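One letter stands for each residue in the lines below.
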There are 6 protein chains.
Amino acid sequence: MQRPSGRRPEELRSVKITRNYTRHAEGSVLVEFGETKVLCNASVEAEVPRFLRGQGSGWITAEYGMLPRSTGSRMAREAARGKQSGRTIEIQRLIGRSLRAAVDLTLLGEHQVTVDCDVIQADGGTRTASITGACVALVDALRHMQRERIITEDPLKNMVAAVSVGIYDGEPVLDLDYPEDSRADTDMNLVMAEDGGMIELQGTAEGAPFTEAEFAKMLALGKAGLEDLFALQKKVLAE
Amino acid sequence: MQRPSGRRPEELRSVKITRNYTRHAEGSVLVEFGETKVLCNASVEAEVPRFLRGQGSGWITAEYGMLPRSTGSRMAREAARGKQSGRTIEIQRLIGRSLRAAVDLTLLGEHQVTVDCDVIQADGGTRTASITGACVALVDALRHMQRERIITEDPLKNMVAAVSVGIYDGEPVLDLDYPEDSRADTDMNLVMAEDGGMIELQGTAEGAPFTEAEFAKMLALGKAGLEDLFALQKKVLAE
Amino acid sequence: MQRPSGRRPEELRSVKITRNYTRHAEGSVLVEFGETKVLCNASVEAEVPRFLRGQGSGWITAEYGMLPRSTGSRMAREAARGKQSGRTIEIQRLIGRSLRAAVDLTLLGEHQVTVDCDVIQADGGTRTASITGACVALVDALRHMQRERIITEDPLKNMVAAVSVGIYDGEPVLDLDYPEDSRADTDMNLVMAEDGGMIELQGTAEGAPFTEAEFAKMLALGKAGLEDLFALQKKVLAE
Amino acid sequence: MQRPSGRRPEELRSVKITRNYTRHAEGSVLVEFGETKVLCNASVEAEVPRFLRGQGSGWITAEYGMLPRSTGSRMAREAARGKQSGRTIEIQRLIGRSLRAAVDLTLLGEHQVTVDCDVIQADGGTRTASITGACVALVDALRHMQRERIITEDPLKNMVAAVSVGIYDGEPVLDLDYPEDSRADTDMNLVMAEDGGMIELQGTAEGAPFTEAEFAKMLALGKAGLEDLFALQKKVLAE
Amino acid sequence: MQRPSGRRPEELRSVKITRNYTRHAEGSVLVEFGETKVLCNASVEAEVPRFLRGQGSGWITAEYGMLPRSTGSRMAREAARGKQSGRTIEIQRLIGRSLRAAVDLTLLGEHQVTVDCDVIQADGGTRTASITGACVALVDALRHMQRERIITEDPLKNMVAAVSVGIYDGEPVLDLDYPEDSRADTDMNLVMAEDGGMIELQGTAEGAPFTEAEFAKMLALGKAGLEDLFALQKKVLAE
Amino acid sequence: MQRPSGRRPEELRSVKITRNYTRHAEGSVLVEFGETKVLCNASVEAEVPRFLRGQGSGWITAEYGMLPRSTGSRMAREAARGKQSGRTIEIQRLIGRSLRAAVDLTLLGEHQVTVDCDVIQADGGTRTASITGACVALVDALRHMQRERIITEDPLKNMVAAVSVGIYDGEPVLDLDYPEDSRADTDMNLVMAEDGGMIELQGTAEGAPFTEAEFAKMLALGKAGLEDLFALQKKVLAE
């Protein structure tokens, strides 16, 4: 088996995380997994959704979008169609759930952090890149809140990152790009906490079902890849 | 640990599948997992989505809805709100993907089977009950197509069923009902093919992340439960 | 003239009303007029529409929907289309008005009862079946409110029921089923109170206009049929 | 009993029908029932709804709207809210059904006539005024079609007109204006053909149910009023 | 060059402004520029948009619509399509901005005046006719507010009017009608205050770009035409 | 008068145009006017809007959006609200009109070029920056079409650029940034062709009306600024 990119099965694409990418957001990160580029902006607002009002607790949520020409052929603009696609909704719910697992919401006070993940350029793996970058943007927003004395304690429990794994041409591979993703039999997204806890695991057989053995290999591959991502997040946040 | 229902950890609720529940649909099944009741109607139509036209292949899709008072307090009717919720969209996409894994779409000709899963009464596990019941309704629709000479070969590759497992009060349990689901730390939905292949696996840490060991236990519990469900589907379809 | 079902012109279909059909709603009724089956769930909520707030009076409203495959060929799901059809809106407004005529709203306090009428299987006459079943579900909800001391006095003024009559093949007939309805010249829906008061009367010439004489015959037929329906409601509510 | 306007119970408001009110429509009528003013524009288009295509038959439909300040206090503009109200939909369906009863659709060829009824000023009875005026606009459009040789035979079967009757202060009255309508116990809209055939009859008890005797009186009052309206339509169309 | 209407280049169409055209609105004006007829109704409401609440200042806004058959061929009804067109939105924003320039909003108290401009018949120049008529309706509404002691001081700073100019067949012309507008190379809308101040100026090259010299000529033509419009507004308001 | 940025009245911000910013679009430009950054992606598609089909001519259109946190405080995502704002619609119509003036549409064949202008970071003047950058992206797309032999002749007639001018603190200034824009009395957007032709000119008095003398000064300022922008476009396109 030869990956289209020439990478080894367990090899991540070149991953880059740039903080303070735009100037207005409390946390602003450009995350790049090879040619996939997502802008993650974290915004702090002093109000929570209705179901949380008056309870002293905060909330973290995410929204996701693709620029119409982030992809090979132009997609209709969701704002013009008047509707987010099912795929968009599925992805932004996943990002939000993943980020909430990183934070002790009771230490946020009645604040909401919204992380907007907008895909500037797509080449597979936009949802896992989004989670990985969004967590860094979130940390910057939490630091901002502490610096501005909006909160007194650090609510971060655990860094969170995500990566995709799949069965390509019969073999488990890490971090699929678009040419692999569009031909993979199975696609799995793995979201973990830095301490090794599993947060979300979604495996989908696109073509043939997968076996438990394949599943175990994909899981091992994903865990190894996530260690590199956690190291990169830490390094970038220390700068 | 004591389950609210008094069930043992590895015990399914009483599951019942009633075929020919309504008269118009080509396949019509009422599936009950304890107090959860879902009506699954499979409809055959002689046209496929635009992206498949002229290719000679068919399509299977699903839609999901909850009656406004299927739940403890009344939910707003999605048709009146003018919008399906993110949860609804996520679920119906999952059901559709799962069912497509059961069938050789190239043997369907240019036909679409739509399975409507409408929750009459909810008590946890509506998405896994939907998949389990929808597959039986789908088989009835495929048999109808063969009887009516719409297709000549049986396109069914494999029965598909689904079940939920979770960590409740620290312990893995099978087939969560609503009182368990609303307090579980982790919730996992497992969709498998009858031959043991895994089709979809979604694990979500609602509170604390889960460990690989917990994950393995949940998987084992789910696989055991699915064997009973496959046996029930087979028995019901033989009647 | 021979009715497709073999019924005599003044003969109702077999009508069945099942109380406590689902478990969550304060009133839950399955009403069957032959093969037409509608689930009517009444929900009590402690708030009223904006225009009534602070006036001490309550409100009763209804929503109506058809499961996509309740009919001979599948209809698009209104929640997915993002819009209720004109027919749906017309019907749910009729049900709501009819039920409000049954109740002294000033005795409800600031509560709203919403009755959801969802058609499980359609064979003509779904709106009149809905009204007839919804009134029983409403009574169960009002009894619940008294039992729970939400209200102290019984707000029911009068049972309400409805039936259709039409001119089929030149002759007035009672309680049209779908084969009759789709070929009838005139269709009339009659909503009455148990004491003989008329609540709503809607006659529509689908093809040729109707004469006053035909109208008088339809009215007489409808009134006779409604007596049987009031008797059935009373019997069922006494159980 | 004294009517707010000083009219006798059986007295219509001053009714005026002005043809050729605007210049673009094939039929354009301003109809006035006292202070109620509705502009009815009939447009001929060379296509029919999908369900009629290729059958050689035509269609007649109607749309209804109120200018935001046609009423005592400003109503939200439906185009800005993005949705027609239930009341609007109910009314335009009624107008369309009524007009279709006036015409032999098979003589229209594959053409559709759409009659737009826009309320310039409202003072009760806008739906019955709309039907009465729309029928004149429709006749002008049909004459245009014959003049332009779009059709060869006159498809008009019968003039159609409508009027409201109600129980006001215990007594049946004809053609309610807004002060009466807002306090009436019962409101009935009567749509008839010129030859005495009944096309649509909608009676609604707003407060107390009505008796058969009251109903009969309202019907007689309505029929007498309609004779005057048919005479006016005929006179105006002869000019 | 010969204008289709035979007018001289600097000649307005016959302009007519009728006050008190309908009875409910606080200001109601029918404005006619030749065959273009727009009904402008100004409504006073005792609340302001959210962003102004509690600041003691008022607001003026406008909405615009065309009756479906105000034009040569029928346009879809925006309320039925569920969406205002881009053109509609652009026009109503222009009308609102223009009217706000006429008034000292701080003297309005927390009131909003909404001017609805509904096109009864279109023949080019509906947006400039709307502004010219809406300003008169606005003055009537402001006078009403003073008469009813809702406000004590006159908030009107300046009358506002508008006119179109364009390059037709190579020559600048004033007040284009539809046959001119649809063939003009350049179209400019000029909104001015009575004291000569410029409020809004929108020039658009539909075909070839325009030169500064042409622009200057159009501006001069427009200013001359506006003087006549201001004189007419004044005369009409003095009646 | 002192501009917040310290710039001279006739001084542009530092303007930067980066071609080939993303990899999928036929033309992809990042345009920066100081801190305002807009990504302009031009997409070529082999179909035209319905009103142009079969006429052999092409079309150019634009869509505009702001990332939710491109601004100082987060704006609601238009895709999630299900609706583009009036401001968005106004801007994208302006961009589209401006670009169409640059091109001979009859030389495009039946192709559409859509230019998506997405604001990554906003600091005033996003619409004029969008036009200036979009024209460069458009040229790249046209070159692509010639290279790929989709068209044979160069359809570009003229480069198009845009700049804003305004009255700030009583004095005309060029290229307003956000702090200026939010306090300016008058705001004018000037779109010109490289040969000096005027394409679109929109002047708006936000507070006090402006005089003809002020208008003339703004126009001169804008024209001078546009010369620099045309020079930059040319230089960048020559690389």
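Residues numbered from 1 in each chain as written. Chains lettered and ligands numbered in written order. Predicted model: local features only at pLDDT ≥ 70, side-chain atom pairs only at ≥ 80, totals over all residues. Heavy atoms only, no water.

Asker: Give a detailed account of the overall build of chain A, specifying residues and quantitative values.
Answerer: From N to C terminus, chain A includes five helices and nine strands. Start at the N end of chain A and walk to the C end: the helices and strands fall as β-β-β-β-α-α-β-α-β-β-α-β-β-α. Radius of gyration (C-alpha) of chain A: 18 Å, near the 18 Å computed for a compact globule of 239 residues. Over its C-alpha atoms, taken along the principal directions, chain A stretches across nearly 55 × 40 × 35 Å. Here chain A holds 239 residues, and the buried ones make up 63% of them. Long-range pairs, those at least 24 residues apart, make up 69% of the contacts in chain A between residues at least 6 apart in sequence. For chain A, the computed accessible surface area is about 9,000 Å², with 46% contributed by carbon and sulfur atoms. (Helix = DSSP H or I, 4+ residues; strand = E, 2+ residues; numbered from the N terminus. Rg over C-alpha atoms; globule rule 2.2 N^0.38 Å. Buried < 20%, exposed > 50% of the residue type's maximum accessible area, 1.4 Å probe, protein only. Contact = heavy atoms within 4.5 Å. Areas by Shrake-Rupley, 256 points an atom, 1.4 Å probe, with all protein chains shown as cover.)

Asker: Break down the sheet that holds strand E3 (residues 36–45) of chain F for me, with residues and values.
Answerer: Backbone-to-backbone hydrogen bonds join strands into a sheet, with any given pair of strands oriented parallel or antiparallel. Residue and element names in this part refer to chain F. In spatial order, the strands read E1-E2-E3-E5-E4; together these five strands make up an open sheet with mixed pairing. Both edges of this open sheet fall to strand E1 (15–19) and strand E4 (59–66), since each of them pairs with a single strand only. Across the sheet, the mean angle from the axis of one strand to that of its neighbour is 20°, orientation sign disregarded. When E1 meets strand E2 (residues 27–33), the two strands line up antiparallel, connected through five bridges. Across the sheet, Val15 pairs through a bridge with Phe33, a residue of E2. Across the sheet, helix H2 (residues 86–100) lies against E4 and strand E5 (112–121), angled at about 145° from E4, the strand it touches most. (Pairing = 2+ DSSP bridges. Axes fitted to C-alpha atoms, helices over the stretch in contact; angles between N-to-C directions.)

Asker: Outline the packing of helix H5 (residues 212–238) of chain E against helix H5 (residues 212–238) of chain F, supporting the account with residue identities and numerical values.
Answerer: Orientation of H5 of chain E relative to H5 of chain F, taken along the N-to-C sense of each, is 160°, at an axis distance of 14 Å. It follows that H5 of chain E is roughly antiparallel to H5 of chain F by the angle criterion. Crossing hand, H5 of chain E versus H5 of chain F: right-handed. Along the contact surface, H5 of chain E presents Glu212, Phe215, Leu219 and Lys223 of chain E, while H5 of chain F presents Glu212, Phe215, Leu219 and Lys223 of chain F. Here the residues of the contact of H5 of chain E with H5 of chain F are counted per class, giving four nonpolar, no polar and four charged. (Parallel < 35°, antiparallel > 145°, perpendicular 65-115°, else oblique. Left-handed = near helix turned anticlockwise from the far one by under 90°. Nonpolar A, V, L, I, M, F, W, Y, C, P; charged D, E, K, R; others polar.)

Asker: So what's going on with the relation of the copies chain A and chain F? Residues and values would help.
Answerer: With an axial shift of 0.0 Å and an RMSD of 0.0 Å, the rotation relating chain A to chain F amounts to 180°. What the rotation and shift describe, once combined, is the action of a two-fold rotation axis. A shared binding surface is used by both copies, with 100% of the interface residues of chain A retained as interface residues in chain F. (Least-squares fit on C-alpha atoms with pLDDT ≥ 70 in both.)

Asker: So what's going on with helix H3 (residues 126–147) of chain B? Residues and values would help.
Answerer: Residues and elements named next belong to chain B. Look at H3: 31 Å from first C-alpha to last across 22 residues, which is about the 32 Å you get at 1.5 Å a residue. When you tally the buried positions in H3, you get 19 out of 22 residues, the bulk of the element. Directly beyond the C-terminal end of H3, a positive phi value near 60° is found at Arg149. (Expected span 1.5 Å × (residues − 1).)

Asker: An account of the UniProt feature "binding site: phosphate" (unreviewed entry) in chain A is requested, with residue identities and associated values reported.
Answerer: Residues and elements named next belong to chain A. In this numbering, the UniProt entry assigns the feature "binding site: phosphate" (unreviewed entry) to Arg87, Gly125, Thr126 and Arg127. In three dimensions, the annotated residues from a span of 41 residues occupy one location, with a maximal C-alpha spread of 13.2 Å. Turning to its location among the elements, Thr126 is positioned in helix H3 (residues 126–147). On the basis of relative accessible area, Thr126 is assigned to the buried category, the value being 6%. (UniProt positions renumbered as here; feature names shortened; annotations may be inferred.)

Asker: Could you give me a rundown of the arrangement of the chains, with the residues and numbers involved?
Answerer: When C-alpha atoms are compared, chain A and chain D, though not in contact, are closest at a spacing of 12 Å. No interface is formed between chain C and chain F, the nearest pair of C-alpha atoms being 12 Å apart.

Asker: Give me the lowdown on the pairing of strand E6 (residues 160–168) of chain E, citing residues and values where you can.
Answerer: Residue and element names in this part refer to chain E. Counted residue by residue, E6 has nine buried out of nine residues, so it is predominantly covered. The alternating pattern of E6 places Val160, Ala162, Ser164, Gly166 and Tyr168 on one face and Ala161, Val163, Val165 and Ile167 on the opposite face, and all of these are buried. Note: E6 against strand E8 (residues 186–193), eight bridges, orientation antiparallel. Note on E8: the bridge partner recorded for Val163 is Leu190. Strand direction decides the pairing type here: E6 and strand E7 (residues 171–174), joined by four bridges, are antiparallel. Residue pairing in the sheet places Ile167 in a bridge with Pro172 of E7. Counted along the chain from E6 to the antiparallel partner E7, the turn is two residues long, and its residue Asp169 has a positive phi close to 55°.

Asker: Please set out the packing of aromatic side chains residue by residue, giving values where relevant.
Answerer: Tallying each qualifying case throughout the model produces 15 aromatic pairs over all chains. Look at Phe210 of chain A and Phe215 of chain A: their rings are 6.3 Å apart centre to centre, the planes differ by 25°, and that puts the pair in the stacked class. Of the aromatic side chains, those joined through ring pairs into one cluster are Phe210 and Phe215 of chain A together with Phe210 and Phe215 of chain B. (Phe/Tyr/Trp six-rings, centres within 6.5 Å; stacked < 30°, edge-to-face > 60°.)

Asker: Requested: an account of the side chain of Arg74 of chain A, with residues and values cited.
Answerer: With respect to the element layout, Arg74 of chain A can be found in the loop between strand E4 (59–66) and helix H1 (78–81). Within polar-contact distance, the side chain of Arg74 of chain A engages the side chain of Glu63 of chain F at 3.2 Å. There is a polar contact of 2.6 Å between the side chain of Arg74 of chain A and the side chain of Asp116 of chain F. Not counting residues within four places of it along the chain, the set of residues in contact with Arg74 of chain A comprises Pro68 and Arg69 of chain A together with Ser43, Glu45, Glu63, Thr114 and Asp116 of chain F. (Polar contact = N/O pair within 3.5 Å; in protein donor to acceptor, adjacent residues only side chain to side chain.)

Asker: Lay out the pattern of salt bridges in plain terms, naming residues and giving numbers.
Answerer: Applying the stated criterion across every chain, the model contains 132 salt bridges over all chains. Note that Asp140 of chain B and Arg19 of chain B form a salt bridge whose closest N and O atoms lie 2.8 Å from each other. Residue Asp140 of chain B is found in helix H3, and its partner Arg19 of chain B is found in strand E1 (residues 15–19); the two are separated by 121 residues along the sequence. Pair check on accessibility: Asp140 of chain B and Arg19 of chain B agree, each one buried. For Glu200 of chain E, the salt bridge identified is with Arg97 of chain E, shortest N-O distance 2.6 Å. Of this pair, Glu200 of chain E sits in strand E9 (residues 198–205) while Arg97 of chain E sits in helix H2 (residues 86–100), and the two are 103 residues apart along the sequence. (Salt bridge = Lys/Arg side-chain N within 4 Å of Asp/Glu carboxyl O.)

Asker: Run through the side chain of Arg97 of chain F, naming residues and quoting values.
Answerer: Its relative accessible area of 18% is what places Arg97 of chain F among the buried residues. A distance of 2.6 Å separates a polar atom in the side chain of Arg97 of chain F from a polar atom in the side chain of Glu200 of chain F. Excluding its chain neighbours within four sequence positions, the residues that come into contact with Arg97 of chain F are Glu90 and Thr204 of chain E together with Glu200 and Gln202 of chain F.

Asker: Tell me about the interface of chain A and chain F, and please be specific about residues and values.
Answerer: With 37 residues of chain A in contact, the opposing surface of chain F contributes 37 residues. Summed over both sides, the interface of chain A with chain F buries roughly 2,900 Å², with 47% coming from carbon and sulfur. Our count for the chain A to chain F interface comes out at 14 salt bridges. Between Arg77 of chain A and Glu63 of chain F there is a salt bridge, with the nearest N and O atoms lying 2.9 Å from each other. Those elements giving two or more residues to the side of chain A that touches chain F turn out to be strand E3 (36–45), E4, H1 and strand E5 (112–121) of chain A. Residues of the side of chain A that touches chain F, tallied by class, amount to 13 nonpolar, twelve polar and twelve charged. (Buried area = accessible area lost by both parts, 1.4 Å probe.)

Asker: Explain the layout of surface pockets residue by residue, including any values.
Answerer: Estimated volume of the second largest pocket: approximately 350 Å³. In this structure, the second largest pocket is lined by Glu45, Glu47, Val48, Pro49, Arg50, Arg53, Trp59, Thr61 and Gln112 of chain B together with Arg74, Met75 and Ala76 of chain C. Broken down by class, the residue content of the lining of the second largest pocket amounts to five nonpolar, two polar and five charged. (1 Å grid on protein atoms, 1.4 Å probe; cavity = no way out; pocket = protein on both sides within 12 Å on 5 of 7 lines; lining within 4 Å. Points joined across faces, edges and corners; volume = space filled by probe spheres on them.)

Asker: Account for the confidence of the model for chain A, naming residues and giving values.
Answerer: Here chain A averages 96 in pLDDT, and 100% of its residues register 70 or above. Interface predicted TM-score (ipTM) for the complex: 0.95; the corresponding pTM is 0.90. (pLDDT = per-residue confidence, 0-100.)

Asker: Talk me through the packing of helix H2 (residues 86–100) of chain D against helix H3 (residues 126–147) of chain D; I want residue IDs and the actual numbers.
Answerer: Residue and element names in this part refer to chain D. It is at 10 Å that the axes of H2 and H3 come closest, and there the two elements cross at 40°. By the criterion of interaxial angle, the relationship of H2 to H3 is oblique. Taken as a pair, H2 and H3 cross one another with a handedness that is right-handed. Along the contact surface, H2 presents Arg87, Glu90, Ile91, Leu94, Ile95, Ser98 and Leu99, while H3 presents Thr126, Arg127, Ser130, Ile131, Ala134, Cys135 and Leu138. Looking at the contact of H2 with H3 residue by residue, the class counts come to eight nonpolar, three polar and three charged.

Asker: Can you break down the sheet that holds strand E7 (residues 171–174) of chain F residue by residue, with the values?
Answerer: Strand order in the open sheet formed by eight strands is E7(E)-E6(E)-E8(E)-E9(E)-E9(F)-E8(F)-E6(F)-E7(F), with antiparallel pairing between adjacent strands. Each edge of the open sheet carries a strand with a single partner, namely E7 of chain E together with E7 of chain F. Each strand axis lies, on average, 15° off the axis of its neighbour in the sheet, ignoring direction. Taken together, the five bridges between E9 of chain E and strand E9 (residues 198–205) of chain F define a ladder with antiparallel strand orientation. In the strand pairing of E9 of chain F, Thr204 of chain E is matched with Glu200 of chain F. Helix H3 (residues 126–147) of chain E rests against E6 and E8 of chain E of the sheet, and its axis sits at about 165° to E6 of chain E. In the packing of H5 of chain E onto the sheet, contacts are made with E6, E7, E8 and E9 of chain E together with E9 of chain F, and the angle to E6 of chain E comes to roughly 145°.

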